[in-house]
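# An overview of the molecular structure
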Amino acid sequence: MNKVFDEFTLHKINGHISTIFLAVYPDKILILDGGCRNDVWKIESYITRKLNRNMSSVKLVVASHAHPDHAGGSPEISRKYGLKLAAPRAINKWYKGPWGFIQHKIDTLLGFHVARATGKPFENIFYPRKVFYDYPLDDSALLPGFEDWIVFHSPGHTNHDIVLYNENARLLYAADVILCVNGKMLLPFPVPLEDKMTTSLDRISDLKVETLLLAHGGVMKVDGMRKITRNLQGQLYKGLPPLLEKLKILESFSPEIRKEKKRKKAA
Ligand SMILES: [Fe+2]
């Protein structure tokens, strides 16, 4: 069911891998992550048929981080309809250079695996690794044209993840910083930057949140963030089961992770 706030109505679309959220205002629409590249037609059909609005009423599309189920659809729909795209300033460092090329291919293949594991049909989710954005999102910036939303840099899952907070609506879009699987709040996989994730969780723990939006988990009613963030920090401290710990190697190719590892070694 759609959730009505004072200024907008929240709509959700079940994408190929992730949940896509639309904040629909009387005169404009904000897309909170456009899912995978093959989700574009679903968003388009939802806006034009279900909402009976033109695609030109979309005034901003956000890509929260570089992964295929976030930066696959957002740039694609932005290109197709000439819509403004906002993304973290550092998004293109993640897949930069030859190591970034390898990481991008691994992440896309992992995307295929997740889709298959969740019973989705085979569809092409390959997408360009470079994101051409109109607005770089710095920490504490307000979303252009949607100044009721504030950006918080929340690295940990990548070095550039963001979450978006709407204080008036007491709403937090946590993108991939928090997951909910079978009713259990979980950290994303992987968290290669654990120290940064701890700080990111601290940062959102005092926000006044009543509705939490998760790209993997949907819409949740919550009573603040503190209990959730403490639980997730406990999971970080406990570490991963041995098999998953080994699989973290798949996420160690990004030049940003390699740089961080070198920095830690030298310290
Ligand atoms: Fe992700």
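Quick summary incoming for the structure in this document. Every value quoted in this text rests on a predicted model; they were computed, and no experiment measured them. (Residues numbered from 1 in each chain as written. Predicted model: local features only at pLDDT ≥ 70, side-chain atom pairs only at ≥ 80, totals over all residues.)

Now for helix α6 (residues 226-238). Helix length check: α6, at 13 residues, gives a terminal C-alpha distance of 18 Å against a target of 18 Å (1.5 Å per residue), a fit within 8%. Of all the residues in α6, the buried ones are Ile228, Thr229 and Leu232. For α6, the angular spread of buried residues about the axis comes to 95°, placing them on one side. The outward face of α6, more than 90 degrees from its buried face, is lined by the exposed residues Lys227, Arg230, Gly234, Tyr237 and Lys238. Those residues of α6 hidden inside the fold are in contact with β13 (184-186) and α5 (194-204). In the stretch just after α6, Gly239 is the one whose phi turns positive, near 85°. (Helix = DSSP H or I, 4+ residues; strand = E, 2+ residues; numbered from the N terminus. Expected span 1.5 Å × (residues − 1). Buried ≥ 20, exposed ≤ 12 C-beta atoms within 10 Å, placed from the backbone. Arc of directions from axis to C-beta. Contact = placed C-beta atoms within 7 Å.)

The next point concerns the environment of Ser154. Tracing the backbone shows Ser154 in the loop between β9 (146-153) and β10 (162-166). A sequence separation of 23 residues divides Ser154 from Val177, and the C-alpha atoms of the two residues are 7.3 Å apart. When sequence neighbours within four positions are dropped, the list of residues in contact with Ser154 reads Asp161, Ile162, Val163, Val177, Ser200 and Ile204.

Along its 21 residues, helix α4 (residues 97-117) runs 30 Å from first to last C-alpha, staying within 8% of the 30 Å computed at 1.5 Å per residue. For α4, the secondary structure elements touched by its buried residues are α2 (68-71) and α8 (255-266). Downstream of α4 by one or two residues, Gly119 has phi in the positive range, about 80°.

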